[in-house]
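# Structural features, examined
Listed below, chain by chain, are the residues.
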Amino acid sequence: MSPKNVVLLRTHHKGKVKEYLATLSEAPFHTEFGVIDLSVLLENENLETVTSHMGQKFSVVTPRSPDFFRHSKRTGTPMIPKDIGLIMAHTGICSSDTVLEAGTGSGSLTIYLGFVAKRVLSYEIREEFVRVAQNNVAKAGLSNVEIRCGDLVETLPLISEEFDVIILDMGGSEKAVCGCFEKLKNGGFLVTYSPFLEQATKIREEIEKLDFFDCRTFECFEREISFSSRGTRPSTIPVGHTGYLTFARK
Ligand SMILES: C[S@@+](CC[C@H](N)C(=O)[O-])C[C@H]1O[C@@H](n2cnc3c(N)ncnc32)[C@H](O)[C@@H]1O
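Residues numbered from 1 in each chain as written. Predicted model: local features only at pLDDT ≥ 70, side-chain atom pairs only at ≥ 80, totals over all residues. Heavy atoms only, no water.

### Considering the sheet that holds strand E1 (residues 6-13)
Keep this limit in mind: Strands are treated as partners if at least two bridges between them are detected by DSSP. Secondary structure follows DSSP: runs of H or I at least 4 residues long count as helices, runs of E at least 2 residues long count as strands, and numbering of each begins at the N terminus. With axes taken as lines fitted to C-alpha atoms, and helix axes fitted only over the stretch in contact, angles between N-to-C directions fall between 0 and 180 degrees.
Taken in spatial order, the four strands of this open sheet run E2-E1-E6-E5, and their pairing is antiparallel. Edge positions in the sheet fall to strand E2 (16-23) and strand E5 (49-51), since each of these pairs with one other strand and no more. Averaged over all pairs of adjacent strands, the angle between strand axes in this sheet comes to 30 degrees, irrespective of strand direction. Strand direction decides the pairing type here: E1 and strand E6 (residues 57-61), joined by three bridges, are antiparallel. Across the sheet, residue Leu8 finds its bridge partner in E6, namely Val61.

Set out below in C-alpha cells:
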C-alpha cells in the first residue's frame, strides 16, 4: 500500500522549504531550481537525495497523508487535518475497519482514511470530482479505496456491505442518517460534518429517532504558536470556523 510511485522532494531556498510531489518516471521533472532526472530513483529506490541540473540538492522522502493533503488537486473545500484528527480519535478507526464515506470531494479525507482502514468505499455525486479524487488516491498508491459516482442517499439501500464507520461530509446529510443506521455494524460510528449549526441540529433530530446509544457534537479549535525574534505567541492568522462534527454510536 506504500506510495512507491510517488516521492516528496524537499529543498531549502532563502530560508524557506520548497516541496514537490513527483511521480516517478523516465521523463525529466521540472522545478524552478532546474530539471531532475528521476529515473535514478527507479533504478535505486533507496537514494536519499537527488540533484537538479543546476546543482540544487533535494532530499527524497516517502510522502505521507499530510503531504498528499497539501499537494493534491482540489475540487472544493477539503476537510482539514484538525477535523480529520478528531474523527480518527473519537471513532478509533483501525486497520480492520471498513469505512463508508460521502461526498468524496477531492479525496482529502479519503486518503487519510485509506492509509489507516482496511477498506474505504466513497461516494461522490459529481462525475468530474470522482475523476480528480481517483487520480489523487491513485497517486497516493492506495489500492484499498474505491470511489463510486452516485448520490449516497439514493444508493444506500442498494449497498450490501456493513460498515464500522460511516462519515458524511455533504449537503443534505440528514436525509442519509436513517439509511446509514441500517448499514452500520453494532458498535460502529456515524460521523457527520456540518458547516452550520442548523444542519447539525437537523442531523441530531434524525439521530434521535433511531436506536443510537450515544450522540455528541464537537467543534475543534487549533491554534498554531508563532516563534519569532520579537516573541512567542499564538499566530495572528488562525484557521477560523470549519465545521461541527457529530458522532453517533450504534
Ligand atoms: C465538502 S465536499 C467533501 C470534501 C471531502 N470530505 C474532502 O475531504 O475532500 C462535499 C462533497 O459532497 C458531494 N455531495 C453532495 N451531495 C452528495 C450526495 N448526496 N452523495 C454523494 N456526494 C454528494 C459534493 O459534490 C461535494 O464534492
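### What to know about the sheet that holds strand E11 (residues 184-194)
The strand order across the open sheet formed by seven strands is E9-E8-E7-E10-E11-E15-E12, and the pairing between neighbours is mixed. Two strands bound the open sheet, and with one partner strand each, they are strand E9 (145-149) and strand E12 (214-219). Neighbouring strand axes in the sheet, compared pairwise and without regard to direction, differ in orientation by 15 degrees on average. In this sheet, strand E15 (residues 244-249) lies alongside E12 in antiparallel orientation, the contact comprising six bridges. Among the inter-strand pairings, Cys215 is bridged to a residue of E15, identified as Ala248.

### So, the site of the ligand
The condition that has to hold: Throughout this document, a residue counts as near a molecule or strand when at least one of its heavy atoms sits within 4 Å of that molecule or strand. Side-chain atoms alone can form a polar contact between residues adjacent in sequence; in general such a contact is a pair of N or O atoms within 3.5 Å, and within protein one must be able to donate a hydrogen while the other accepts it. In short, Shrake-Rupley with a 1.4 Å probe defines the accessible areas, and a residue's cover is counted only from the protein chains shown. Think of a 1 Å grid over the protein atoms and nothing else: a 1.4 Å probe that fits but is trapped marks a cavity, an open set flanked by protein within 12 Å on at least five of seven lines marks a pocket, and residues with an atom within 4 Å of a point count as lining. For a molecule to be placed in a cavity or pocket, more than half of its atoms must lie within 2 Å of the grid points of that cavity or pocket. Put simply, Ala, Val, Leu, Ile, Met, Phe, Trp, Tyr, Cys and Pro go in the nonpolar bin, Asp, Glu, Lys and Arg in the charged bin, and everything else, Gly too, in the polar bin.
In the vicinity of the ligand, 20 residues are found, and the nearest of them are Met79, Glu124, Asp151, Leu152 and Asp169. With respect to the ligand, the side chain of Asp169 contributes an N or O atom lying 2.8 Å from a nitrogen atom. Protein contacts shield 85% of the accessible area of the ligand, which totals 610 Å² for the unbound molecule. Spatially, the ligand is embedded in the largest pocket. At the level of elements, helix H4 (108-116) and strand E8 (119-124) are the ones that each hand at least two residues to the shell around the ligand. The residue inventory of the shell around the ligand, partitioned by class, reads eight nonpolar, eight polar and four charged.

### Considering the domain arrangement of the protein chain
What counts is decided by this rule: Where a domain begins and ends is set by an automatic assignment or by a domain database. Contacts between residues were defined by any pair of non-hydrogen atoms, one from each residue, lying within 4.5 Å. Buried surface area refers to the total accessible area, computed with a probe of radius 1.4 Å, that the two partners give up upon joining, counted for both partners together. Put simply, a salt bridge is a Lys or Arg side-chain nitrogen that is within 4 Å of an Asp or Glu carboxyl oxygen.
When its domains are assigned, the protein chain resolves into domain 1 (6-63) and domain 2 (67-249). Residue-level contacts link seven residues of domain 1 with five residues of domain 2. Ranking the residues of domain 1 by area buried against domain 2 places Glu19, Leu21 and Pro63 at the top, with a combined share of 68%. Between the two partners, domain 1 and domain 2, sit one salt bridge. Glu19 is the salt-bridge partner of Arg70, the closest N and O atoms lying 3.0 Å from each other. Summed over the shared surface of domain 1 and domain 2, the result is two residue pairs in polar contact (both at pLDDT 80 or more). Of all the elements in the fold, those that place two or more residues in the side of domain 1 that touches domain 2 are E1 and E2.

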